[in-house]
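# Structural characterization, general
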Amino acid sequence: PQIQNEAQLVAALCRASSDKQAIDTLLRSHAQFVNSQLGSNLNDAAAAAYYGPTPERSIAIYQIAIEIGSRLQDYRLIGMTYYNLGRTYSGFNQFSKAIEAYQHSKEAFEKAGRQRDLIYVLADMGAFYFILEDYQKARNYSEQSIALAGKLKRENQPAGAWPDDFGRARAVQTLGEIALREGSHTYALEKLQEAVALYERLSGTTRTYDYYLASVYEALGRLYPELGDSRRALLYFNQALEIARKQSDQGLIAGLHNDIGYLYLDQEDYDQARAQFNESLRIYVSLKNQREEARELQNLGVVEQRNSNFKEALQYFRLSLQAAQATDSIEVQIADYEGMGVVLTAKRDFIPAKESLNRGLLIAKEANDNIRQTEILWRLAQTEYDSKSFAQSAAIAETALNLARSSHLPKLTYLATTTLGQSYAAQNKLELARQMLKQSIEQLEILRQQVAGREIETGLFLENQIAPYQALIDVLVQEGKIFEALVYAERAKGRVLLDVLKEGKTDLERVLTAAQRDERSRLNRRISEVNDQITSAKNSGASSLKSFYEQLDSARLEYQSFQDSLYALHSDLGVRAGRIPSLAINDLDQLSRDNNCAYLEYVVGKEHVAVFVVTPNPGGHANLKVYQFAVNSEELADKVNQFHDLLASRRPDYASAARGLYNLLVEPITQQLRGITTLCIIPDGCLWNLPFQALMSKRDHFLIEDRPLYFATSLSVLKELGKRKKGSDNPQTSLVAFANPSLSKTEQQSNDLSPLPESQNEVTAVAKTFSRAASRVVIGSEATESAFKAIAPDYSVIHLATHGVLDNRQPLYSHLVLARNESDSENDGLLEAREIMDLRLQAQLAVLSACETANGKISPGEGVISIAWAFMVAGCRSLLVSQWSVNSESTSQLMANFYKLLRFDPYYSTVTKSMALRSAVLELMKEQRSHHPFYWAGFVLVGNN
């Protein structure tokens, strides 16, 4: 009796939503309020409930509205309510129930003669069938929606609840996503761009349809990597993520983290990929979306597989398979069987590997999934190759290649071509192998040009893609095409550094908005804050260090992701990963004539090591030969690491290892080195960790006793360094030296960093070799990070005598320790490699007189990603860096001797940097206390001599 109006009846019905008898009584006893408007108001109440604390109540409220529509025989109300109910079920990821509700909606609208409402209902049914992987029904309903919209355009029918173009956009998007899945990329792009145009026209200034626009951006982000354009993909993903965050749409946010993770996975950046997938998984677990949980578990399995963590990878794949089978996710099941096959192949369990791959292939064929069929066929070819069934491998790889080409899949074309070339080479079909491997490398070079993000992403991309280069080098050497083999060895080395040298440094700063600068500052401050928390926790003996390190990883990854998004947004300013001009014979002639130098370029393959040796010839042309040594990469790495550790730990029993490595890597080429005055060594793989200067000949001579030597990333990099401006017209060089920065007691204790009074003496002595006007020494509290960033770009020689801290896991966070400026929260005293890369240095020489500044992550195709690499990217022509924790007293003496010979500008002097280093080393070796290689072999010269 207290219900006096329609609003009160709505409230009462909502309270009684789970009690059918009470609902029936309320409707019969208040018949005067039961009308279409009551049903419409209940729809509004249900929508409000969906966004409330108990969203499940919305379903029961919609059911009441349907009951009212049935009593009134109001089919428009029934149709609209079922449509809203279907959208709600989709929000709960119950897509089968959503489609059932849409079917009822369709029938009701047909009875009501509401043709225009059918346009968006049919479009949504197509979208949901796509999610359920029933692609034929998805296509049928989408095409019906578009056809109906076209037919009604010329008819005078009542307007629907949603505009016709909304339904059209939804249907066109689904057709685009189906085409993307089938590999019809041109058609997919056309449809997705059409959907963007429709949604943008609908949104106008109100941005009402931004949610849907974001979903098309997401689809475009998935499309562009298939076209070889990862930069544009990241740009679209970030646009979609911005919309999703504004609307707090957790499902869309999770999907986008997954997409971005997959993009990073494709670029071989596994830390970023893992972080994105974990964030996506966290959100899907909170949303109780088991279907998408299965996908994230599968993706995390791929990350662990790529990192050779096979036990963890199999666990992820099996958990994912269980969830995928429970939710009938065919696509994920295929990927899980493929993932398990890849892991089992790596473990050399070939029979179960083939069984798993064939199981995935069968499901992919039943689902008409061309992309997965192609991928699994390539995987099967790889498995056959690894099990030495080369003819079978070639046959399967050829099938995969034909499918990849017909479906226009660039990356799979590259992968299948590589395996086919390797299989031909293994069968000694050298001409066919050469053709295939060259095609593979050309495809890879195209893909590399479109990597999203900054320099480190381009470097990571090539890390695990050098197999075709190595295979082709072997083939060309067998064919006697030595120079061509050297050209391809060059194409696989120092590529990022070469891009920077050719294109120049990026200038992102001038295009950043105030908001972007603020966000970058915030992210930098966050990294500094967590570093401070770690320092405090170490001193207090807190047990929460693990948590802080996890926060630090998270903060670093967030910063890198933000930087990559900026480079995607301003791709025209990024360093372009271009094609390098091939090395020419006269380039070798010019290089070999400089200072009577021999160049030793090593290539470390799985089963043997090759070295290309370039020496001067009296006739004017360079003499090029290649030598091959039978040693597998794992055995070589063990020998190198053992020798490095013997020297770094000052062990007396190093001579046997020094002779063994000399006999393996140098002795076979000594005949060609007769009369040579300087060696330039271009290492590869584990050889970057080898102190060549301490190798010993049969005469018990150290290599550096016979002649000066220095190191380079590649001949092409040396060539470009030689083109750079050699300084100002004034022959006198200028020096800036930083030493013994002031550190707080807390910093010293937590990081085990003692004061460096010897370094103060070191830089004072070094400064005396320069004129007073041309040198500046910065020590103590003035030796801050911010001071270095401000001063260093103005000097031609940079000397840093500070502590160095190596981070092999995340090499761009290796750092030099400087004093901190308490008023500058972004400059925390840790001069990290990532920050050095952003500087614009002009130095002819940088001397990093700190521990392990030459060390870092050995990156196949790039060299060592380290502090030294960052200085080269920043613009330094050469560096003197250390390979282990050096002795401060002997280091000071070495540096003083080194600079005495470089008192004049090295480009106007007959003394080269390597000659000065050798002389300084020989002085140390004369003294019994510093004769051991520990004291002098740690320092190496890298870059221009």
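Note that the structure is predicted; figures quoted are calculated from it, not measured.

### Section: the nonpolar core
By size, the foremost hydrophobic cluster in this structure holds 279 residues, and its most contacted members are Tyr602 and Phe871. Counting residues in hydrophobic clusters, the runner-up holds 11 residues, among them Ala537, Phe548, Leu552 and Phe562.

### With respect to the sheet that holds strand S11 (residues 830–832)
Ordered by their spatial adjacency, three strands build an open sheet running S9-S10-S11, and the pairing between neighbours is antiparallel. Both edges of this open sheet fall to strand S9 (804–805) and S11, since each of them pairs with a single strand only. Pairing between S9 and strand S10 (residues 815–817): two bridges, direction antiparallel. Of the residues in S10, the one forming a bridge with Gly804 is Leu816.

### A few points about the packing of aromatic side chains
Following the criterion strictly, the structure yields 28 aromatic pairs and no others. When the centroid spacing of 5.7 Å and the interplanar angle of 45° are considered together, the rings of Phe166 and Tyr209 count as tilted. Here Tyr209 lies in the loop between helix H10 (185–203) and helix H11 (210–226) and Phe166 lies in helix H9 (residues 164–182), a separation of 43 residues in the sequence. One exposure class covers both Phe166 and Tyr209, and it is buried. Measuring from ring centre to ring centre gives 5.8 Å for Tyr199 and Tyr212, while their planes differ by 20°; the resulting arrangement is stacked. In this pair, Tyr199 sits in helix H10 while Tyr212 sits in helix H11, placing the two residues 13 residues apart along the sequence.

### Re the side chain of His932
Looking at where His932 falls in the secondary structure, it is placed in the loop between helix H40 (913–925) and helix H41 (933–936). At a separation of 2.9 Å, a polar atom in the side chain of His932 contacts the main-chain amide nitrogen of Phe934. Aside from chain neighbours lying at most four places away, what touches His932 is Leu646, Leu647, Arg650, Arg651, Pro652 and Tyr654.

### Remarks on the environment of Tyr89
Mapped onto the secondary structure, Tyr89 falls in helix H5 (residues 75–91). Along the backbone, Tyr89 and Ile59 are 30 residues apart, and their C-alpha atoms lie at a distance of 8.2 Å. Apart from the residues within four sequence positions on either side, Tyr89 is in contact with Ile59, Gln94, Lys97, Ala98 and Ala101.

### A few points about the packing of helix H20 (residues 390–406) against helix H21 (residues 410–426)
When two helices pack together, their arrangement is captured by the angle between the axes and the distance separating the axes. Two elements in contact, H20 and H21, have axes separated by 8 Å at closest approach and are oriented at 155°. As far as their axial angle goes, H21 and H20 are roughly antiparallel. Relative to H21, the crossing made by H20 is left-handed. Mapping the contact onto sequence places Phe390, Ser393, Ala394, Ala397, Glu398, Ala400, Leu401, Ala404 and Arg405 in H20 and Leu412, Thr413, Ala416, Thr417, Thr419, Leu420, Ser423, Tyr424 and Ala426 in H21. For the contact of H20 with H21, the class distribution of residues is 11 nonpolar, five polar and two charged.

Calculation rules
Residues numbered from 1 in each chain as written. Predicted model: local features only at pLDDT ≥ 70, side-chain atom pairs only at ≥ 80, totals over all residues. Heavy atoms only, no water. Core = buried A, V, L, I, M, F, W, Y, C linked by side-chain atoms within 4.5 Å. Buried < 20%, exposed > 50% of the residue type's maximum accessible area, 1.4 Å probe, protein only. Pairing = 2+ DSSP bridges. Helix = DSSP H or I, 4+ residues; strand = E, 2+ residues; numbered from the N terminus. Phe/Tyr/Trp six-rings, centres within 6.5 Å; stacked < 30°, edge-to-face > 60°. Polar contact = N/O pair within 3.5 Å; in protein donor to acceptor, adjacent residues only side chain to side chain. Contact = heavy atoms within 4.5 Å. Axes fitted to C-alpha atoms, helices over the stretch in contact; angles between N-to-C directions. Parallel < 35°, antiparallel > 145°, perpendicular 65-115°, else oblique. Left-handed = near helix turned anticlockwise from the far one by under 90°. Nonpolar A, V, L, I, M, F, W, Y, C, P; charged D, E, K, R; others polar.

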